[in-house]
Amino acid sequence: MLRVDLRELAPGRAVETQGELKQDDQALAGTEITLLEPVAVDGRLQALGEDRFYWQGQARTVVAGECRRCLTPVATPLQLEIGALLTKNPEAQDDPDSYPVAPDATEIDVTPAIREELVLAAPRYVECRDDCKGICPQCGKDLNAGPCACKPVSDARWQPLKALKDMLRS
C-alpha cells in the first residue's frame, strides 16, 4: 500500500510501503508515457520531526515508445531511486523540493511523488539500437532491413556552390 496511516509513524521508526501504480493510471493520461506493465513500488516512510516526512524507495516498470529514427516499437525498462520530502508545514507548501500534505491529514500518500518522478525519468526519445539507420526520407523504407531503391537527392541549397566548383574546374 502506498498510503501510510500517520499513527503508525513513530520518531525513529520507518514504515515499509509496497504497492503498484496501475498500467492505465489516470493521472498519467495526457503525458507521453505509455506503461507496458504496472509500476512496482517498494520503499520506507519515516518521520523527520514534527510535520516532516521522508520517503525513500524504488519504482520499476517498462515504458513503451518508438525509435526516433525508424519508428520501430521499443520497450524501455525503467528503474528509479526516489527520495521525497513530504511536509504538513503550511509555510513550506510552495517549496518545489517537497510534496505538500494537508495539515489535518491522517495519512500520507506517496503516489504523487512516484508519478512525478516517473514522468521526469521516462525517456522522451529512444532508439531501437545505437546504429539504427532510420527510414528513407523519400519512400519510408526501414533502412535497417536493407537499402532502398531511391536515388540520392541533392539539396538545392548546394547548387550555387556546385556551379562555382564547376566554373573553377574549367
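Our structure's up above, just so we're on the same page.
Owing to the predicted nature of the structure, the values given are computational and were not obtained by experimental measurement.

Visitor: Before we move on, can you summarise the layout of surface pockets with the specific residues and values?
Guide: Put simply, the largest pocket is a space of about 310 Å³. Along its surface, the largest pocket is lined by 18 residues, and Glu32, Ile33, Pro123, Arg124 and Tyr125 are the ones closest to its centre. It is strand E5 (residues 52-66) that provides the largest number of residues to the lining of the largest pocket, a total of four residues. Taken together, the residues of the lining of the largest pocket break down into ten nonpolar, four polar and four charged. Among the secondary structure elements, those contributing two or more residues to the lining of the second largest pocket are strand E7 (98-100), strand E8 (107-109) and helix H1 (111-121). For the lining of the second largest pocket, the element with the highest residue contribution is E8, accounting for three residues. The residue inventory of the lining of the second largest pocket, partitioned by class, reads eight nonpolar, no polar and three charged.

Visitor: Requested: an account of the nonpolar core, with residues and values cited.
Guide: By size, the foremost hydrophobic cluster in this structure holds 31 residues, and its most contacted members are Leu45, Phe53, Trp55, Leu86, Ile108 and Ile114. Setting aside residues up to four positions removed in sequence, Trp55 forms contacts with Thr17, Val41, Asp42, Gly43, Arg44, Leu45, Ile82, Gly83, Ala84, Leu86, Val110 and Ile114. If you look at the next biggest cluster of nonpolar residues, it comprises five residues, including Cys67, Cys70, Val74 and Val126.

Definitions and limits used
- Residues numbered from 1 in each chain as written.
- Predicted model: local features only at pLDDT ≥ 70, side-chain atom pairs only at ≥ 80, totals over all residues.
- Heavy atoms only, no water.
- 1 Å grid on protein atoms, 1.4 Å probe; cavity = no way out; pocket = protein on both sides within 12 Å on 5 of 7 lines; lining within 4 Å.
- Points joined across faces, edges and corners; volume = space filled by probe spheres on them.
- Helix = DSSP H or I, 4+ residues; strand = E, 2+ residues; numbered from the N terminus.
- Nonpolar A, V, L, I, M, F, W, Y, C, P; charged D, E, K, R; others polar.
- Core = buried A, V, L, I, M, F, W, Y, C linked by side-chain atoms within 4.5 Å.
- Buried < 20%, exposed > 50% of the residue type's maximum accessible area, 1.4 Å probe, protein only.
- Contact = heavy atoms within 4.5 Å.

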